[in-house]
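Letter by letter, the chains look like this.
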Amino acid sequence: MPITGIQARFTCHVGTFTLDVDLNLPGSGLTALFGHSGCGKTTLLRCMAGLQASQGVMRVNGDEWQNENGADASTSRPVHQRPLAYVFQETSLFPHLSVKRNLMYGYRRIPQQERRISFDQAVEWLGLSQMLDRMPENLSGGERQRVAIARALLTSPRLLLMDEPLSALDQTSKREILPYLEALRDNLAIPILYVSHSTAEVARLADHIVMLDSGKVVAEGPLQAIMARTDQPFGLEEDAGVILDATLSEHDHQWHLFRADFAGGHFWLRADSGLTTGQDVRLQVLARDISLARSQQTDQSIQNVLPAVVDEVASEVAPGTSIVRLLAGSTPFLSRLTSRAVHTLEIAPGQPVWMQVKSVAIVD
Amino acid sequence: MDIYWEPVWLTLKLAGLTTIVLLVVGTPIAWWLARSRHWIRQPLAAIVALPLVLPPTVLGFYLLILLGPKGVVGQLTEQLGLGLLPFTFEGLVIASVIYSLPFTVQPLQNAFGTINEQLLEVASTLRASPRDRFFSIVIPLARPGFLTASVLTFAHTIGEFGVVLMIGGNIPGETKVLSVAIYDHVESLEYTQAHWLSAGMVVFSFAVLVTLYSLNGRLQSGLVK
């Protein structure tokens, strides 16, 4: 049994719904639990926390929280004895306590020698110094969620569970919180499990991804590898596409463009404010934004045209629709085409093509 | 002057003691009734509410039998060397506790029922044990309920008559509470004394209710402030 990593094996029944998963997840970084509403991702998170009764095993970096192996003596620690933190979807601040006393609630229940995050540190990370004396009802939705995150961190958890922490927020509040989440992902040494149904959030935050459907795991692995698979269950959706890491290498001041280099080629991106040369960015290229040509077209408006090789063709994933997986150097891309186009252009594995990329988005 | 103050003092002592006992006994019952989904919940809720509909004399009658020398409880208290409870102050406290039970349990049950379950889950992820959660989350959030329950129980015990008469009788300094004293005065045509005590009751009850309503109003506006 691995000492590092999260082992989570659960069977649990809620009404007619059954969750049945067996996962070994990385012991650091942010893992997204992704899927439609009702797929069981929140139930899985609740099983891990012990909020939902379940049969199963839960081990976090060598520490056993739950072990129910039928014949063996079954042990399952109650929620308050699991060193985790949980950030809920809706506002969950205690209404009768000020922001400061909300923060102190978990903090003062942790023995002093086990505290690894100081009060001042959490307040500074989440930018709460101006609101410590306020009551929860006087805070905006985004502010409340920041307090809830700080309160969770102040228990010095060994695992941070987040259940769609942004879904109840408006766009402005989401934009306000995302940088804090990125900072947590990069600075905390503990694993984060993040439930989401938003491709944009997952693309921006996740290192690893678990896709769930009807209580079962349908795909699991590093984000970029999973997003580039043709057989992923969400490949047909409007926002299906690959994620890749790139570095901004050159600023073209005349045309207001940045050159973003990645393994296998480069893109030209519009030079939005806040970008600087040398910066690492995470890019998303949607399958619907890539068209293919057998020869290099020069008399057309699309600027990002790259040579690539067809790797795999998934025909008729839906009536009239096919998905083509391409490799530009070592970097995979997906292109969504009509099946007629695939047939007419005689697109088959191994064939060199020109990839015309209509749009590239910076997600991070 | 003792003829006035003895029943007043006895009544306040009875109501105070009953309220304290009921807050201790009624809180777990109310918590269970507010949270449980067990089938026995409805019958139990009905039993708790019985004193609301039963004539106090019925309650007093059965308590008299139960606590008397031939009753199960009576035989037990005698074996324990406690003697018989009817016509004693202690017997009166037991009767009042049963008689006022719904006035403690129902306000508390309502207050517990409005507490968002998720707040308790949150507290458990912040390392609070079940007991800790009850004292740090449930009790503070149910404060208006506790206030209503205390005041109603206290006031209702002061106003009881039928049960007292059945199980306590009319022993000065032991079981002769205000309501019985008033009845006594009226029977003996001592209207002046009856007036003093009755008018005192009216003023007292009015003051209690005004205090309750204004305190509860302030507590609630304090929560939404």
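Residues numbered from 1 in each chain as written. Chains lettered and ligands numbered in written order. Predicted model: local features only at pLDDT ≥ 70, side-chain atom pairs only at ≥ 80, totals over all residues. Heavy atoms only, no water.

Looking up chain A in an unreviewed UniProt entry gives the name Molybdenum ABC transporter ATP-binding protein, with the organism given as Marinobacter adhaerens.

J.: So what exactly am I meant to see when it comes to the domain arrangement of chain A here?
T.: All names here are of chain A. Per the domain assignment, the segments of chain A are domain 1 (6–230) and domain 2 (241–362). A C-alpha centroid distance of 34 Å is found between domain 1 and domain 2. Opposite the 14 residues of domain 1 that make contact, domain 2 presents 13 residues. Between domain 1 and domain 2 the total buried area reaches about 960 Å² when both faces are included, carbon and sulfur atoms providing 50% of it. Its largest share of buried area at the contact with domain 2, domain 1 owes to Gln224, Ala228 and Thr230, together 59% of the area lost on that side. Across the domain 1-domain 2 interface, the total number found is 1 salt bridge. Notably, a salt bridge pairs Asp207 with Arg282, separated by 3.9 Å at the nearest N-O pair. Linking domain 1 to domain 2 there are 5 residue pairs in polar contact (both at pLDDT 80 or more). Those elements that provide at least two residues to the side of domain 1 that touches domain 2 are helix 6 (199–205) and helix 7 (223–227). Sorting elements by how many residues they give to the side of domain 1 that touches domain 2 places helix 6 first, with 5 residues. Split by residue class, the side of domain 1 that touches domain 2 holds 7 nonpolar, 3 polar and 4 charged. (Domains from an automatic or database assignment. Contact = heavy atoms within 4.5 Å. Buried area = accessible area lost by both parts, 1.4 Å probe. Salt bridge = Lys/Arg side-chain N within 4 Å of Asp/Glu carboxyl O. Polar contact = N/O pair within 3.5 Å; in protein donor to acceptor, adjacent residues only side chain to side chain. Helix = DSSP H or I, 4+ residues; strand = E, 2+ residues; numbered from the N terminus. Nonpolar A, V, L, I, M, F, W, Y, C, P; charged D, E, K, R; others polar.)

J.: Just checking my understanding: could you explain the sheet that holds strand 6 (residues 75–76) of chain A for this structure?
T.: In any sheet, the strands associate via hydrogen bonds between backbone groups, in a parallel or an antiparallel arrangement. Residue and element names in this part refer to chain A. Pairing in this open sheet of 5 strands is antiparallel, and the strands run 2-1-4-5-6 from one edge to the other. Each of the sheet's edge strands pairs with one partner strand only, and the pair in question is strand 2 (17–25) and strand 6. Two strands pair when backbone bridges link them, and strand 5 (residues 63–67) and strand 6 are joined in this way by 2 bridges, in the antiparallel orientation. Bridge pairing links Asn67 to Thr75 in strand 6. (Pairing = 2+ DSSP bridges.)

J.: Help me understand empty space enclosed by the protein, please; the structure alone is not making it clear to me.
T.: Take a probe with the size of a water molecule and roll it over the atoms, and the empty space left behind shows itself. Counted by the stated rule, this structure contains 2 cavities of 30 Å³ or more. Here the second largest cavity is characterised by a volume of approximately 40 Å³. Residue lining of the second largest cavity: Tyr86, Val87, Phe88, Ser92, Ala148, Arg151 and Ala152 of chain A together with Val122, Thr125 and Leu126 of chain B, and that is the complete set. When contributions to the lining of the second largest cavity are tallied by element, the ones reaching two or more residues are strand 7 (84–87) and helix 4 (141–153) of chain A together with helix 6 (117–125) of chain B. If you tally residues by element for the lining of the second largest cavity, the top one is helix 4 of chain A, at 3 residues. Within the lining of the second largest cavity, the residues separate by chemical class into 7 nonpolar, 2 polar and 1 charged. (1 Å grid on protein atoms, 1.4 Å probe; cavity = no way out; pocket = protein on both sides within 12 Å on 5 of 7 lines; lining within 4 Å. Points joined across faces, edges and corners; volume = space filled by probe spheres on them.)

J.: Could you clarify how one ought to interpret helix 6 of chain B in this entry?
T.: In an α-helix, one turn spans 3.6 residues; hence positions three or four apart end up facing the same way. Residue and element names in this part refer to chain B. Counting buried residues in helix 6 gives 8 out of 9 residues, a clear majority hidden from the surface. Residues Gln118, Leu119, Leu120, Glu121, Val122, Ala123, Ser124 and Thr125 constitute the buried set of helix 6. Looking at the residues trailing helix 6, positive phi occurs at Arg127, about 75°. (Buried < 20%, exposed > 50% of the residue type's maximum accessible area, 1.4 Å probe, protein only.)

J.: Would you mind showing me how to read the sheet that holds strand 15 (residues 280–286) of chain A here?
T.: With antiparallel pairing, the 5 strands of this open sheet are ordered in space as 14-13-12-15-21 (chain A). Every other strand in the sheet has two partners, leaving strand 14 (265–270) and strand 21 (361–362) of chain A as the edge strands with one partner each.

J.: What exactly am I supposed to notice about the pattern of salt bridges here?
T.: Pairing between side chains becomes possible if they bear opposite charge and their charged atoms approach one another. Residues and elements named next belong to chain A. Applying the stated criterion across every chain yields a total of 16 salt bridges over all chains. Between Arg59 and Glu64 there is a salt bridge, and its shortest N-O distance comes to 2.7 Å. Looking at Glu64, the relative accessible area reads 30%, which means it is partly exposed. Residues joined by salt bridges that share partners form a network here, namely Asp207, Asp245 and Arg282.

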